[in-house]
Amino acid sequence: MAEWYGYTGRIARVNLSDSRVSIEDAKMEYIDLVLGGIGLASLILFMEVDPRIDAFDPSNKLVFSVGPLTGTMVPGSSRTTIASRSPLTLGWGESHLGGFWGTELKKAGFDAIIIEGKADTPTYLYVEDGRIELRDASRIWGLKTSNVEKSIISELGDPEIKVACIGPAGERLVRYASIISGERVAGRTGLGAVMGSKKLKAIAVRGLLQIRIRWPDKLRSMISRLYPSIMSFPTSQILSSYGTNGEMESFYQYGDVPIRNFTLGEWDGIHKIEGQYMVENYLKRHRACFGCPVGCWKEARVEDPRYGLIEGRMPEYESAASLGSLLLNSDPVSLIYMEKLCNEYGFDVISSGVTIAWAIECFTKGLITVEDTGGLQLRWGDPELIVNLLEMIGERRGFGYILGEGCRLASRIIGRGSEKYAMHVKGLEVPMHDPRAFKGMGLQYATSNRGACHLQGLVMRIEQGERMPDLKIYRRFYRFEIEGKGWLVATMQDWHHVIESLGLCKFVQIPPGHIAGFYLLVTGIEKRLPELQKCGERISNIQRIFNIIAGVTSGDDTLPDRFLSEPVVEGGAKGEIVELKPMLKEYYKVRGWDERGIPTREKLDDLSILGIIESRLDSLEIDIWGYKQSIRS
Ligand code: SF4
């Protein structure tokens, strides 16, 4: 048996249909190929879930996994990955959680928990020091997320327990329902709804086991040498002072902040919703996830006659833009309340904001009427309307039922040409960065396996002037140029898979070469940077093939028409569109994929995963290269 450091070497499997719990040894050959975190989750799902099933089918599985660095003293090592077939993208789904839950899972003795089947009655799991217990959740079914956490902690009698749970939105299968732990959120791709479909309300964890580190003294000394440089990055200081929303002003200058469903480039209301204003007026305290020197997490406190006392997470940039500028809402207090509502009901701020923006634009164009909305007049810049719609989504009430489907499916239900205004890629609503301002982001959105994703690559950081010599990013990549963006996006996507496989937060900036050093000192396994990068590339390819089997094809590697054909009318990206085709062509070539965007056998062989892929395709009786059988069957 392998001796594990960093990793626990143990994976738990919980079958909710028959209440069976089993503990398995992690396979070193898998870890060697794809590391932990998102890599391990990707391989498990690829091997065990038929991507063609419905996301709410009991045979779908949900994987919670941590990386080898999660819970160690490495800065920013707080992250947990959650992955499954997504009810929103109808293909690959993943989301990531900060806070303290992942560290606790590692200390409880597990690298991952695989959830299978479906419980007959509401259930929650209690994981403690190598044991897992299924418990009755009838009493907490229906509760909002903060009350779920309080209730479980009080029932189990230990304030140190960490809870990841769903709210009413997950129970009601809102397709972008999130999973919440503390005030941290795994928001994207609707994995809270997968939990809800399995009648799994929460997973509570408590661990007192020691996380084994191969060379702790050397690790400590490397961290103390690196620490000052992490905080010297200008972005670290902004994040530390104002949170992610501290960057709104500079994003606005680039023409990056979406305004009125991506139709405007300038808006006076921006100054009331940016991080500096919010922190100066409503900050309760600064907070940080486990082991984080940056601390981008802010808590707000404000009293307002409309909402009473609100205490909770300060809106991050994505919330402030998706429920603010995107909808022409410049009321900062309403944004704090909306953030709270989304987290209490448990659904994604980006997807809800973009779906509401779609509805308002369609209403103003006469494509949606009061017949559809149940009498509601939809208009821009109306915070009370937005609050009302968010509550309707959380309760799946009236027009909120359709909005809870996400903008792609909602626009298909409504029809009448409304599809044109649904801003999504592969069903995932577009995040709050206009790709006409950073064209590499356009390619990143078009090709990310989970759909429009701003985090898997964060290419706009490079397009703002950052260089990463460790990854051979030596030259400046201008934001409007398209040359070389195929290579850049592929490189950054692979690298971000590595970060997420190790359990690190990407907002804590650590040079890649140092991360390879941390991996060695924590696990005792030597993997030089090119080998780590190859792990990231394997993950990209495994998820890609999962999607191909699910019926997601190269035709889905695209962007909403607005980005491709409507030049920005004003502001920092005036006159720009995204020239996607040439970038996509370069991207496929760099990736070693054919013109249909299918990874070639040669590429998979080069990555040493051809055998795994072929044997899985054989077991599913699918031939992705010859199309002998329809992949949509
Ligand atoms: S930078 Fe922010 S999200 Fe990342 S670990 Fe620190 S507090 Fe958490």
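Rules used in this analysis
- Residues numbered from 1 in each chain as written.
- Predicted model: local features only at pLDDT ≥ 70, side-chain atom pairs only at ≥ 80, totals over all residues.
- Heavy atoms only, no water.
- Salt bridge = Lys/Arg side-chain N within 4 Å of Asp/Glu carboxyl O.
- Helix = DSSP H or I, 4+ residues; strand = E, 2+ residues; numbered from the N terminus.
- Buried < 20%, exposed > 50% of the residue type's maximum accessible area, 1.4 Å probe, protein only.
- Pairing = 2+ DSSP bridges.
- Axes fitted to C-alpha atoms, helices over the stretch in contact; angles between N-to-C directions.
- Contact = heavy atoms within 4.5 Å.
- Expected span 1.5 Å × (residues − 1).
- Near = heavy atom within 4 Å.
- Nonpolar A, V, L, I, M, F, W, Y, C, P; charged D, E, K, R; others polar.
- Arc of directions from axis to C-beta.
- pLDDT = per-residue confidence, 0-100.

## Considering the pattern of salt bridges
For the coordinates displayed, the defined rule picks out 55 salt bridges. Notably, a salt bridge pairs Lys-61 with Glu-116, separated by 3.0 Å at the nearest N-O pair. Taken together, the positions of Lys-61 in the loop between α2 (37-48) and β3 (62-66) and Glu-116 in strand β6 (residues 112-116) put the pair 55 residues apart, joining distant regions of the chain. Taking relative accessible area as the criterion, Lys-61 reaches 13% and is therefore assigned buried. Look at Glu-116 and you get buried, because its relative accessible area is 11%. The salt bridge partner of Glu-384 is Arg-306, with a shortest N-O separation of 3.3 Å.

## Describing the sheet that holds strand β14 (residues 297-304)
Strand order in the open sheet formed by three strands is β13-β14-β15, with antiparallel pairing between adjacent strands. One side of each edge strand has no neighbouring strand; the edge strands of this open sheet are β13 (283-287) and β15 (308-313). Across the sheet, the axes of successive neighbouring strands diverge by a mean angle of 10°, strand direction being ignored. Note that β14 and β15 share six bridges and pair antiparallel. Within the sheet, the bridge partner assigned to Ala-300 lies in β15 and is Gly-312. Across the face of the sheet, helix α8 (residues 234-242) comes into contact with β13 and β14 while running at roughly 30° to β14. Set on the sheet, helix α11 (residues 275-282) makes contact with β13 and β14; between it and β13 the angle comes to about 110°.

## Observations regarding helix α23 (residues 529-550)
Taking 1.5 Å of rise per residue, the 22 residues of α23 would be expected to cover 32 Å, and the 32 Å separating its terminal C-alpha atoms lies within 8% of that figure. Of all the 22 residues making up α23, 19 are buried; the element is thus mostly covered by neighbouring parts of the structure. Where α23 terminates, the next one or two residues include Gly-551, which has phi positive at roughly 100°.

## Things to note about the site of the ligand
Neighbouring the ligand are the residues Ser-78, Arg-184, Ala-288, Cys-289, Cys-292, Gly-295, Cys-296, Cys-505 and Phe-507. Along the lines of polarity and charge, the residues of the shell around the ligand split into six nonpolar, two polar and one charged.

## A closer look at helix α27 (residues 610-620)
For α27, the full list of buried residues reads Leu-610, Ile-612, Ile-613, Arg-616, Leu-617 and Leu-620. The arc that holds every buried residue of α27, seen down its axis, measures 165°, which confines them to one face. Facing away from the buried side of α27 by more than 90 degrees, the exposed set consists of Gly-611 and Asp-618. Those residues of α27 hidden inside the fold are in contact with α1 (28-34), α2, α23 and α26 (601-606). Positive backbone phi, at 55°, marks Glu-621, one or two positions downstream of α27.

## Here's the deal with the confidence of the model for the chain
Taken over all residues, the pLDDT of the chain has a mean of 96, while the share at 70 or more is 99%. Predicted confidence for residues 628-633 stays below pLDDT 50, and this span has 12 contacts to residues more than four positions away or in other chains.

## Notes on the pairing of strand β5 (residues 92-97)
Judged by how many residues are buried, β5 sits mostly within the fold: six of six residues are covered. In β5, alternate side chains face the same way, and those of Trp-92, Glu-94 and His-96 on one face and Gly-93, Ser-95 and Leu-97 on the other are all buried. Here strand β4 (residues 80-85) folds back onto β5, and the loop between the two strands holds six residues, one of which, Leu-90, carries a positive phi near 60°.

## With respect to the sheet that holds strand β2 (residues 20-25)
Sheet architecture is open: six strands sit in the order β2-β1-β6-β3-β4-β5, paired in mixed fashion. A strand with exactly one partner marks an edge of an open sheet, and here the two such strands are β2 and β5. In this sheet, adjacent strand axes meet at a mean angle of 15° when their direction is disregarded. In this sheet, β2 lies alongside strand β1 (residues 10-15) in antiparallel orientation, the contact comprising six bridges. Along β2, the bridge assignment pairs Arg-13 with Ser-22.

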